[in-house]
Structures are given as C-alpha cells and as structure tokens.
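Take a look at the letters that make up each chain.
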Amino acid sequence: MNTINEPAAQQSQFIPSEFSEIADLETLKVIADPLRLRIRELMSEPCTVKQIAAELGMPATKLYYHVNLLEKHGLIVMVDTRIVSGIIEKQYQAAARELRVSGNLLSSSSEATDAGLDFALNTLVEDVKNDLRESLRAGCIDLDEKEGEHHGLALASHGLFLTEAQAADFYRRLREIMNEFMELSRRQRQERNAAAERYRALLVTFPSTRRDR
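Source: prediction; values computed, not measured.

> Help me get a handle on the overall build of the chain, residues and values and all.
Along the backbone of the chain there are 7 helices and 4 strands. Listing the helices and strands of the chain from first to last along the sequence gives β-α-α-α-α-β-β-β-α-α-α. Classification of the 213 residues of the chain by burial places 25% in the buried group. Counting every atom, the chain has about 15,400 Å² of accessible surface; 52% of that belongs to carbon and sulfur.

Structure below.
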C-alpha cells in the first residue's frame, strides 16, 4: 500500500487552486478544528482515508465524519476511485494549497471573528506546537546545533519599537523573504527534489496594545 508521501500508481490529474477564500461561518467552523486541519494538510497529495488513519494512528471509522464535512464544504475533493478487493476506495485531495478567511466575514459578527481567531490559532500555533513536539521526540531537531543552525530550533519572541516607516520596511522585507522561499519550496515540491527536507516556519507580527511601564 502506498504511504501518504508516495504517489499512487495512477495519480489523479487534479491540480489544487493556489488559495481558497472562506466566506461563510459554517465553513469557518468546520475548518477551525485541529483534527480536520491535520486531515486536510495530509491530503496535500491524493490519499485515502485509510492512509490518513494510518498516519494519525486512528481507526478510519473515526475519520469518515470529518472527511465528509471537509468534502461537503469544498475544502477537499474526491479525485479518484479504485476497486480494492471488491470495495470502492476513494482518494481525496485538498481543494486549495492555502486557505484564507474573508475580511468581510470577520467583520460581520463577533461569532465569526471568534471562529476566525480559533482557525488562525489552531492553524498557526496549535498545529505547529504538535509538530514541534513530535519532531523533538523523534530526534529530528539537533538542539546542540552540532550540524549547523539550520538543524536546530529557532524559538524567540521579541518586542520591537519602530517608527511607522521602519515598521512598514520590516513587514515588506519579511514578506519578500517568505515569498522567495515559499516559491522555492513550491517548485521543489513539484519537482519532487529528493534533497529537499521539510521545515516548519511560524511567523506572527502585529501592532501590540502592550506598552512598557
């Protein structure tokens, strides 16, 4: 059986869109769930519910409800079917590479704002925390950085005091370097570059209400 990271023998020609905008509260509530976010992430390539279950260490029967919700709201799509031992086996894939929340939705109600915040935090914080914990336990991270800084862990929080012009420059330069390496990552993933390894980056910048005494 193929693992999630291995291409199927007859892989679907479905191509996900670059991004999908969430514009209704129901869809936002569906994706603001750590398990469903993880399922969707694992479906970056075509795979079956059984493959997802094996990756998560969970019974497939506990995942069908979540997969059906994701498909119903257009967050994943069925891209292929095949018969295995007389049973129809479905393959799913994420409908888009990136999800964005409509600004109009977040400004429409406090409930939508809270759901949007949960989505953002679950996506950017909770999932990264779980990934970091798993990677540390697996010994993938060299905390002593004996093999170089890029094998270690960069974890820090900084408060910056900047003028408006300096803050604009800071945001612009961060965006440029992130876009540069995201595009490089996208190309290497498409080319299936065997030398490329997976890294995780978490970037959070915002104007803060906190002030020094």
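> Account for the nonpolar core, with residues named and values stated.
By size, the foremost hydrophobic cluster in this structure holds 22 residues, and its most contacted members are I31, I39, M43, I52, V67 and L70. If you list the elements that add at least two residues to this core, you get α1 (25–31), α2 (34–42), α3 (49–56) and α4 (64–72). What V67 contacts, discounting residues up to four positions off in sequence, is I39, M43, V49, I76 and Y92.

> So what about the packing of aromatic side chains? Which residues, and what values?
All chains considered together, the criterion is met by 1 aromatic pair. Against the face of F19 rests R100, its NZ or CZ located 3.8 Å from the ring centre.

> Kindly report on the layout of surface pockets, identifying the contributing residues and their values.
Take a probe with the size of a water molecule and roll it over the atoms, and the empty space left behind shows itself. Roughly 280 Å³ of internal volume is contained in the second largest pocket. Lining the second largest pocket are 12 residues, with K50, Y64, I88, E89 and K90 sitting closest to its centre. Among the secondary structure elements, those contributing two or more residues to the lining of the second largest pocket are α3, α4 and β3 (87–94). Element by element, the count of residues in the lining of the second largest pocket is highest for β3, at 5 residues. Looking at the lining of the second largest pocket residue by residue, the classes come out as 7 nonpolar, 2 polar and 3 charged.

> Give a detailed account of the confidence of the model for the chain, specifying residues and quantitative values.
Per-residue confidence for the chain averages 83 on the pLDDT scale, and 86% of its residues sit at or above 70. Mean pLDDT values for the elements of the chain range from 70 in helix α5 (residues 103–106) up to 96 in α4. Within the model, pLDDT remains below 50 along residues 1–11, and this stretch shows 22 contacts once partners closer than five positions in the same chain are excluded.

> So what's going on with the packing of α2 against α3? Which residues, and what values?
In contact at an axis separation of 10 Å, α2 and α3 are set at 115° when each is read in the N-to-C sense. Crossing of α2 against α3: the hand is right-handed. Listed contacts from α3 to L35, R38, I39 and L42 of α2 are I52, E55 and L56. The residue makeup of the contact of α2 with α3, split by class, is 5 nonpolar, no polar and 2 charged.

> Before we move on, could you go through the packing of α2 against α4 and cite the residues and values that matter?
The geometry of α2 relative to α4 is characterised by a closest axis approach of 10 Å and an angle of 70° between their N-to-C directions. One finds that α2 runs roughly perpendicular with respect to α4. Between α2, through L35, R36, I39 and R40, and α4, the contact on the second element is made entirely by Y65, H66, V67, L69 and L70. Across the contact of α2 with α4, the residue classes break down as 6 nonpolar, 1 polar and 2 charged.

> Lay out α4 in plain terms, naming residues and giving numbers.
For the α-helix, the turn length of 3.6 residues means that residues three or four positions removed from each other point alike. Looking at α4, one finds that the buried residues are H66, V67, L69 and L70. Down the axis of α4, the sector holding all buried residues measures 160°, keeping them to one side. Facing away from the buried side of α4 by over 90 degrees, the exposed positions are Y65 and K72. Taken together, the buried residues of α4 touch α1, α2, α3, β2 (76–84) and β3. Where α4 ends, the next residue or the one after it, G74, has phi of about 75°, a positive value.

> Just give me the short version of the pattern of salt bridges, but keep the residues and values in it.
Taken as a whole and assessed by the stated rule, the structure comprises 13 salt bridges. The residue R100 makes a salt bridge to E98 at a minimum N-O spacing of 3.2 Å. A salt bridge links E183 to R186; the nearest nitrogen and oxygen atoms lie 2.6 Å apart. You can see E183 and its partner R186 sitting in helix α7 (residues 164–191), 3 residues apart, about one turn around the helix. Classification of R186 by relative accessible area gives partly exposed; the value is 27%. Among the charged side chains, a network of salt bridges with common partners joins D169, R172, R173 and E176.

Thresholds applied
- Residues numbered from 1 in each chain as written.
- Predicted model: local features only at pLDDT ≥ 70, side-chain atom pairs only at ≥ 80, totals over all residues.
- Heavy atoms only, no water.
- Helix = DSSP H or I, 4+ residues; strand = E, 2+ residues; numbered from the N terminus.
- Buried < 20%, exposed > 50% of the residue type's maximum accessible area, 1.4 Å probe, protein only.
- Areas by Shrake-Rupley, 256 points an atom, 1.4 Å probe, with all protein chains shown as cover.
- Core = buried A, V, L, I, M, F, W, Y, C linked by side-chain atoms within 4.5 Å.
- Contact = heavy atoms within 4.5 Å.
- Phe/Tyr/Trp six-rings, centres within 6.5 Å; stacked < 30°, edge-to-face > 60°.
- Lys NZ or Arg CZ within 6 Å of the ring centre and 35° of its normal.
- 1 Å grid on protein atoms, 1.4 Å probe; cavity = no way out; pocket = protein on both sides within 12 Å on 5 of 7 lines; lining within 4 Å.
- Points joined across faces, edges and corners; volume = space filled by probe spheres on them.
- Nonpolar A, V, L, I, M, F, W, Y, C, P; charged D, E, K, R; others polar.
- pLDDT = per-residue confidence, 0-100.
- Axes fitted to C-alpha atoms, helices over the stretch in contact; angles between N-to-C directions.
- Left-handed = near helix turned anticlockwise from the far one by under 90°.
- Parallel < 35°, antiparallel > 145°, perpendicular 65-115°, else oblique.
- Arc of directions from axis to C-beta.
- Salt bridge = Lys/Arg side-chain N within 4 Å of Asp/Glu carboxyl O.

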